[in-house]
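These are the residues of each chain, in order.
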Amino acid sequence: MTENEFDKLWQRAEAESYSRQLAMEYPAWRQKQRRTFSVVAALLIVVTTTVVLFTTQLRQPRNYEKVYCNRVGTTDVQWANLAAEMLME
Amino acid sequence: MKKLLILLMLLLPIAVMSQSALYKQYASRQELTVAQVSGFKLNDSQRVDVVIVVADDDAGWQKLTKELNIKGENGVVSWLGDTRKPAQRVKWTGAPVLRVVASHTRRTLAFYRVNTEAQYDALLDYQLNNMKQSK
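The rules we used
- Residues numbered from 1 in each chain as written.
- Chains lettered and ligands numbered in written order.
- Predicted model: local features only at pLDDT ≥ 70, side-chain atom pairs only at ≥ 80, totals over all residues.
- Helix = DSSP H or I, 4+ residues; strand = E, 2+ residues; numbered from the N terminus.
- Buried ≥ 20, exposed ≤ 12 C-beta atoms within 10 Å, placed from the backbone.
- Contact = placed C-beta atoms within 7 Å.
- Nonpolar A, V, L, I, M, F, W, Y, C, P; charged D, E, K, R; others polar.
- Pairing = 2+ DSSP bridges.
- Axes fitted to C-alpha atoms, helices over the stretch in contact; angles between N-to-C directions.
- Core = buried A, V, L, I, M, F, W, Y, C linked by C-beta atoms within 7 Å.

1. Points about the overall build of chain B
Line of reasoning, step 1. A tally of helices and strands in chain B yields four helices and five strands.
Line of reasoning, step 2. Each of the 135 residues in chain B was classed as buried or not, and the buried ones make up 30%.
Line of reasoning, step 3. In chain B, the proportion of contacts linking residues at least 24 apart, taken out of those at least 6 apart, comes to 39%.

Set out below in structure tokens:
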């Protein structure tokens with residue numbers, strides 16, 4: 001075996017060893033990556049929802065919980081305002 | 001789509017159950033526009049349910065005034081009414097009542113359901129504070 005042939009064999013063996021190691025470790029790495037992604041996504045959803053809910057409430061503090069009406073055309077806020085105005089009459 | 005329909009069918013009875021008997025009583029009448037404001041905020045700790053009835057025309061308003069025995073033709077009239085028969089004037093005894101406010105100019109009735117003494121006091125405070133602010 002010449003030195004050149006030895007070098008080629010050595011490089012091939014090294015490459016095969018790396019790819020085998022990579023193939024063995026890939027599933028665990030992929031699972032870990034997916035888990036991290038899920039945690040980050042869940043955190044983002046929770047933070048975004050909380051921020052949206054709180055800022056909406058802070059911007060528009062509602063003086064009613066729910067409005068029912070037998071007709072369309074008047075908004076919930078207008079009905080709540082009318083309920084307040086009737087007490088001021 | 002099917003799931004959405006099933007969800008709507010499940011939610012509909014819950015919404016109908018939340019509507020008061022008073023609201024249902026007036027909501028079925030063609031000549032009236034009726035709304036129920038649930039949880040109307042009086043202060044940080046007290047809320048009441050309000051049913052508002054608006055007559056679409058003078059004839060409808062005249063009918064309402066007769067039914068509720070409202071005298072006069074101008075200004076605002078208010079009284080404490082029985083929860084089942086709002087036309088019947090009652091005194092505050094601590095039992096649930098309706099505080100009824102009728103405005104001739106608006107052709108509007110507002111029924112504030114008062115269940116507790118705390119709500120009764122809060123309603124009076126609300127009126128007083130608003131009167132002070134408007135002066």
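2. Focus: the interface of chain B and chain A
Line of reasoning, step 1. Counting residues at the interface gives 24 residues for chain B and 17 residues for chain A.
Line of reasoning, step 2. Every element with two or more residues in the side of chain B that touches chain A is listed here: helix H2 (21-27), strand S1 (32-41), strand S2 (47-55), strand S4 (97-103), strand S5 (108-114) and helix H4 (117-134) of chain B.
Line of reasoning, step 3. The element that contributes the greatest number of residues to the side of chain B that touches chain A is S1 of chain B, accounting for nine residues.
Line of reasoning, step 4. Along the lines of polarity and charge, the residues of the side of chain B that touches chain A split into 12 nonpolar, 11 polar and one charged.
Line of reasoning, step 5. Judged from the four bridges that link them, strand S1 (residues 66-69) of chain A and S1 of chain B form a sheet pairing that is antiparallel. Paired with Lys66 of chain A across the strands is Ser38 of chain B, a residue of S1 of chain B.

3. Describing the environment of Leu68 of chain B
Residue and element names in this part refer to chain B.
Line of reasoning, step 1. Among the secondary structure elements, Leu68 is positioned in the loop between helix H3 (58-67) and strand S3 (76-81).
Line of reasoning, step 2. Each C-alpha atom of the pair Leu68 and Gly81 lies 9.7 Å from the other, and the pair is 13 residues apart in sequence.
Line of reasoning, step 3. If we ignore the near neighbours within four places in the chain, the residues touching Leu68 are Pro86, Ala87 and Ala102.

4. A look at the sheet that holds S2 of chain B
Line of reasoning, step 1. Pairing is antiparallel in the open sheet, where six strands are placed in the order S1(A)-S1(B)-S2(B)-S5(B)-S4(B)-S3(B). Whereas interior strands pair on both sides, the edge strands pair on one side only; in this sheet they are S1 of chain A together with S3 of chain B. Along the sheet, successive strands turn relative to each other by an average axial angle of 15°, direction set aside.
Line of reasoning, step 2. Across six bridges, the pairing between S2 of chain B and S5 of chain B is antiparallel. Across the sheet, Val54 of chain B pairs through a bridge with Thr108 of chain B, a residue of S5 of chain B.
Line of reasoning, step 3. In the packing of H3 of chain B onto the sheet, the strands contacted are S1, S2 and S5 of chain B, and the crossing angle to S2 of chain B comes to about 125°.

5. Re the nonpolar core
Line of reasoning, step 1. If you look at the biggest cluster of nonpolar residues, it comprises 39 residues, and the most contacted ones within it are Ala83 of chain A together with Val34, Val37, Val50, Ile52, Val53 and Ala110 of chain B.
Line of reasoning, step 2. Once residues lying within four places of it in the same chain are set aside, the contact partners of Ile52 of chain B are Trp79, Leu82 and Ala83 of chain A together with Val34, Ala35, Val37, Thr108 and Ala110 of chain B.

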